[in-house]
Amino acid sequence: LFELVAFGVLGVSIILSGLVILKFKELNGYLKYYGIWILIGTFIELSSHVLVNFHIPNLFLFHLNALFEFVLLVFFFNVLFTDIGDKGVKFILWPGVVAICFNSIFVQQPDTFNSYSMTLISLGTIVLGVYYFIRLSDIEMSLDKKLLRMFMVGSVLITHSSNMIPVLFGNYLLTVDTNTQMIVWI
């Protein structure tokens, strides 16, 4: 079942990445960052899958993913907030990058799951997403633009909300039997 789910997720990721590549020149603003987020997610997912199939440890990819995802989400939310006239969130970029690198080098090395960074990124994304929904409800904007923004931010929120528990306990999950791991990850 886990292999089937993994191939399904990978297939959807590849299809979405193909669409992003085809339409990339037409994307602008927050949609461009969202598209890059999808492309990097697919690359990490595909690389992780290939490494596992060759029995090569892939935990270092989670460290790279944390860094790339944090940077992209900061730019994504920065554009969204500045588009509605709010202060952007770029001010958290460098402190976050330094914290993620510090965690990956000194606290949770690349051969462990970086649950601290990923958990904080997911928590921050949830807070920013909910705050953005609140702010968006007060803004005058055409319904189609508002719905598209809600859909994009909602998909990021769903991803990070569903990842919170497995990511938080990622290192613990590595110590339990494979069947228990699969249940949680699925």
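Check the entry above for the structure.
Okay, so let's go over this structure. (Residues numbered from 1 in each chain as written. Predicted model: local features only at pLDDT ≥ 70, side-chain atom pairs only at ≥ 80, totals over all residues. Heavy atoms only, no water.)

Helix and strand content of the protein chain: eight helices and zero strands. Along the protein chain, from the amino end to the carboxyl end, the secondary structure elements read α-α-α-α-α-α-α-α. Relative to its length of 186 residues, the protein chain is compact, with a C-alpha radius of gyration of 17 Å against a globular reference of 16 Å. Judged by the C-alpha coordinates and their principal axes, the protein chain covers about 50 × 35 × 25 Å. Each of the 186 residues in the protein chain was classed as buried or not, and the buried ones make up 41%. Put simply, of all contacts in the protein chain between residues at least 6 apart along the chain, 65% involve residues at least 24 apart. Within the structure as shown, the protein chain displays about 11000 Å² of accessible surface, and the carbon and sulfur contribution to it stands at 73%. (Helix = DSSP H or I, 4+ residues; strand = E, 2+ residues; numbered from the N terminus. Rg over C-alpha atoms; globule rule 2.2 N^0.38 Å. Buried < 20%, exposed > 50% of the residue type's maximum accessible area, 1.4 Å probe, protein only. Contact = heavy atoms within 4.5 Å. Areas by Shrake-Rupley, 256 points an atom, 1.4 Å probe, with all protein chains shown as cover.)

The next point concerns the pattern of salt bridges. In the structure shown here, the tally under the stated rule is four salt bridges. In this structure, the salt-bridge partner of Arg-135 is Asp-86, at a minimum N-O distance of 2.8 Å. A residue pair is termed long-range when its members are at least 10 positions apart, and Arg-135 in helix H5 (residues 115–137) and Asp-86 in the loop between helix H3 (59–83) and helix H4 (93–107) qualify at 49 residues. Among the ionic contacts, a cluster of salt bridges with common partners joins Asp-86, Arg-135 and Asp-138. (Salt bridge = Lys/Arg side-chain N within 4 Å of Asp/Glu carboxyl O.)

Moving on, we get to a nonpolar patch on the surface. Taken together, the side chains of Val-12, Ile-15, Leu-16, Leu-19 and Leu-22 define a hydrophobic patch exposed on the protein surface, amounting to about 510 Å² of accessible area. As for its position among the elements, Ile-15 is in helix H1 (residues 2–23). The exposure class assigned to Ile-15 is exposed, which follows from its relative accessible area of 57%. (Patch = residues over 30% accessible without salt bridge, like charges linked within 9 Å, V, L, I, M, F, W, Y side chains within 5 Å.)

Any link to function would need more than the numbers given here.
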